[in-house]
Amino acid sequence: MTENTAKKNYKLEYENSNLRQEIQRRDKKEHIYQLLITGISFLGALSAILFIVSVVVR
């Protein structure tokens, strides 16, 4: 392998590493957003149930 090829391979490996890190960061963000949406939906459903219960109890 020539020195030039070795440099190109190193550069490609470096870019691949950066892309992998970016994908992992994006996946983490999406996971956090998914948890937030799930939590908000759960709170909305809970408040609706509590509202119905409070109306029935009266």
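Now for a quick tour of the structure. Every value quoted in this text rests on a predicted model; they were computed, and no experiment measured them. (Residues numbered from 1 in each chain as written. Predicted model: local features only at pLDDT ≥ 70, side-chain atom pairs only at ≥ 80, totals over all residues. Heavy atoms only, no water.)

1. Here we look at the overall build of the protein chain
Across its full length, the protein chain carries 1 helix and 0 strands. On C-alpha atoms alone, the protein chain measures out to a radius of gyration of 25 Å, which is more than a quarter above the 10 Å that the 2.2 N^0.38 rule sets for 58 residues. Put simply, the protein chain has 58 residues, and 0% of those count as buried. For the protein chain, the exposed surface amounts to about 5,800 Å²; the carbon and sulfur share of it is 65%. Counting 9 positive and 6 negative side-chain charges, the protein chain places the averaged centre of each group 6 Å from the other. (Helix = DSSP H or I, 4+ residues; strand = E, 2+ residues; numbered from the N terminus. Rg over C-alpha atoms; globule rule 2.2 N^0.38 Å. Buried < 20%, exposed > 50% of the residue type's maximum accessible area, 1.4 Å probe, protein only. Areas by Shrake-Rupley, 256 points an atom, 1.4 Å probe, with all protein chains shown as cover. Lys, Arg positive; Asp, Glu negative; His and termini not counted. Charge placed at Lys NZ, Arg CZ, Asp CG, Glu CD.)

2. A short note on a nonpolar patch on the surface
On the surface, a cluster of nonpolar side chains totalling about 540 Å² of accessible area is made up of Ile32, Tyr33, Leu36, Ile37 and Ile40. Here Tyr33 is to be found in helix α1 (residues 3-57). (Patch = residues over 30% accessible without salt bridge, like charges linked within 9 Å, V, L, I, M, F, W, Y side chains within 5 Å. Salt bridge = Lys/Arg side-chain N within 4 Å of Asp/Glu carboxyl O.)

3. Comments concerning the pattern of salt bridges
Throughout the structure, instances matching the rule amount to 3 salt bridges. Linking Arg25 and Glu22 is a salt bridge whose minimum nitrogen-to-oxygen distance equals 2.8 Å. Here Arg25 pairs with Glu22, and both are found in helix α1, just 3 residues apart, close to one helical turn. The class for Arg25 is partly exposed, based on a relative accessible area of 46%. The salt bridge involving Glu22 is made with Arg26; its shortest N-O contact spans 3.6 Å. Of this pair, Glu22 and Arg26 both sit in helix α1, separated by 4 residues, roughly a single helical turn.

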